[in-house]
Amino acid sequence: MSLQDPTLFGKVAVLFGGSSAEREVSLMSGTGVLQALRSRGVDAHAFDPSERELVELKREGFARCFVALHGRHGEDGTVQGALELLGIPYTGSGVMASSVAMDKVMTKRIWQADGLPTPKYVRLAFDQQSREQIRAVPDVLGLPLIVKPPREGSSIGVTKVEGYSQMQDAVTLSAKYDADVLCEEFIEGEEVTCAVLGQGLDARALPVVRIAAPEGAYDYQNKYFTDDVKYQCPSGLAAAEEHEIQRITLAAYHTLGCRGWGRADVMIRASDRKPFLLEMNTSPGMTSHSLVPMSARAAGIPYEELCLRVLASASLDAKGGAQ
């Protein structure tokens, strides 16, 4: 698909908003994408699935969709499945990869099976959250540790637990967002992120972004609504470290079956500089604070061109490739 003639895309729906806990972020992402596509002459329209039925996409003659939804019912394979049934190509990963990547426990199982580095973890299913079972987790993972819902993003419901006495409250908070709870080994060190564009052998890792949050608090508020977090891109890492992070990110992307674009979050352990994969985002943020646009700029790809490239990669599982 040529990026030079925007009319070739046809009528495009930018899906944003939605009903997840990340609705507010999705509204910011989608607004940015919509403006960018329109500025390049694409016939792009806003579409909020929480306010309209997806079947209207077919009725109104949309030719493809840019998925700027985050979290449940947007990034988890459900919308992707509906678009497959409607036969409308969409951006990002397909049904299975979206569904798996949304579940951090399933993601970690697959990465571990392929020998990719990810922090140790304990999954507390909804029926495994007795006081005794919760209290036993630090004995397995050590302290500090991280407690989070396995199917939310944007650091929602996440707690860094420093002592046994904090475990119960951390699990209670996480369980508000997900019946299951993921407890994860805490990796002391630097947080980085690495974006990927493309599919199959054409997929390429973009420059790594280093994240420096105030007192390590890279939480929902700091991610999107303050300027306290500092980002470095180029990362300033040693070339060998940057290449290793890009290598394992591409491997993580391929082993989950991702396509189009994605972004892996990675921790570099301070003690030995070993990188650990935390999660894969299959519908990354596109706000003014977002990291994929920042990384793309460092690679010489302006925001508007990034949006066009992602849109050009829209595809269907059934077709096995870009339209």
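A. Focus on the packing of helix H5 (residues 104-113) against helix H9 (residues 239-256). Where H5 contacts H9, the axes come no closer than 10 Å and their chain directions differ by 110 degrees. Put simply, H5 runs roughly perpendicular to H9. Facing Thr-107, Ile-110 and Trp-111 of H5, the residues of H9 in contact are Ala-252, Thr-255 and Leu-256.

B. Layout of the environment of Gln-166. Position of Gln-166 among the secondary structure elements: in the loop between strand S6 (159-161) and helix H7 (167-175). Judged by its relative accessible area of 31%, Gln-166 falls in the partly exposed class. Along the sequence, Gln-166 and Lys-11 sit 155 residues apart, while their C-alpha atoms lie 51 Å from each other. The contact partners of Gln-166, leaving out residues within four places of it in the chain, are Lys-160 and Val-161.

C. Layout of the packing of aromatic side chains. Counted under the stated rule, the structure contains 2 aromatic pairs. When the centroid spacing of 6.4 Å and the interplanar angle of 85 degrees are considered together, the rings of Phe-47 and Phe-62 count as edge-to-face. Separated by 15 residues along the polypeptide, Phe-47 in strand S2 (residues 43-47) and Phe-62 in the loop between helix H2 (55-59) and strand S3 (64-67) bring together distant segments of the chain. Since its relative accessible area comes to 7%, Phe-62 is described here as buried. Judged by centre distance (6.0 Å) and plane angle (70 degrees), the rings of Phe-66 and Trp-261 are edge-to-face. Of this pair, Phe-66 sits in strand S3 while Trp-261 sits in strand S12 (residues 261-269), and the two are 195 residues apart along the sequence. The two residues Phe-66 and Trp-261 agree in class, both being buried.

D. Representation of the environment of Arg-123 in the model. The residue Arg-123 is located in strand S4 (residues 121-124) in this model. Once the C-alpha coordinates of Arg-123 and Leu-278 are considered, the two residues, 155 residues apart in sequence, prove to be 15 Å apart. If near-sequence neighbours (up to four positions away) are discounted, Arg-123 is found in contact with Val-105, Arg-109, Gln-128, Asp-180 and Val-181. A polar side-chain atom of Arg-123 sits 3.3 Å from a polar atom in the side chain of Asp-180.

E. Region of the structure containing H5. Regarding H5, the residues found buried are Lys-104, Val-105, Thr-107, Lys-108 and Trp-111. All buried residues of H5 lie within an arc of 160 degrees about the axis, which places them on one face of the element. If you follow the buried residues of H5, they end up packed against helix H4 (95-102), S4, strand S5 (145-148), strand S7 (181-185), H9 and strand S13 (275-281). Taking the backbone nitrogen of Val-105 as reference, a side-chain oxygen 3.0 Å away marks Asp-103 as the first, capping residue of H5. A positive backbone phi angle near 75 degrees is found at Gly-115, which sits one or two residues after H5.

F. Molecular detail of the sheet that holds S3. Read from one edge of the open sheet, 3 strands run S2-S1-S3, paired in parallel fashion. Among the strands making up the open sheet, the edge pair consists of S2 and S3. Direction aside, neighbouring strands of the sheet carry axes that sit 30 degrees apart on average. Where strand S1 (residues 11-15) meets S3, 4 bridges bridge the pair, whose relative direction is parallel. Within the sheet, the bridge partner assigned to Val-14 lies in S3 and is Phe-66. The sheet strands contacting helix H11 (residues 303-312) are S1 and S3, and the helix crosses S3 at an angle near 125 degrees.

Conventions adopted
- All residue numbers here refer to positions counted from 1 along the written sequence of the relevant chain.
- The model is predicted, so local features are restricted to residues of pLDDT at least 70 and side-chain atom pairs to those at 80 or more, both for listing and for counting; the totals for chains, interfaces and linings are taken over all residues.
- As a rule here, side-chain values come from all non-hydrogen atoms in the structure, and water together with hydrogens is ignored.
- Angles here are taken between N-to-C directions and fall from 0 to 180 degrees, while the axes themselves are lines fitted to C-alpha atoms, restricted in helices to the stretch in contact.
- A run of H or I in DSSP becomes a helix once it reaches four residues, and a run of E becomes a strand once it reaches two; helices and strands are each numbered from the N terminus.
- With respect to orientation, any angle under 35 degrees is reported as roughly parallel, any angle over 145 as roughly antiparallel, any angle of 65 to 115 as roughly perpendicular, and every other angle as oblique.
- We call two residues in contact whenever any of their non-hydrogen atoms come within 4.5 Å of each other.
- Burial status follows relative accessibility: with a 1.4 Å probe on protein chains alone, a residue under 20% of its type maximum counts as buried, one over 50% as exposed, and anything between as partly exposed.
- Any pair of Phe, Tyr and Trp rings, taking the six-membered ring for Trp, is counted once the centres come within 6.5 Å. Such a pair is stacked with planes under 30 degrees apart, edge-to-face with planes over 60 apart, and tilted for the rest.
- Here a polar contact is recorded for every N or O atom pair within 3.5 Å, except that within protein the pair must consist of a potential hydrogen donor and a potential acceptor, and residues adjacent in sequence are included only if both atoms are side-chain atoms.
- This arc corresponds to the set of directions leading from the helix axis out to the C-beta atoms.
- Pairs of strands are assigned from DSSP output, requiring at least two bridges between the strands.

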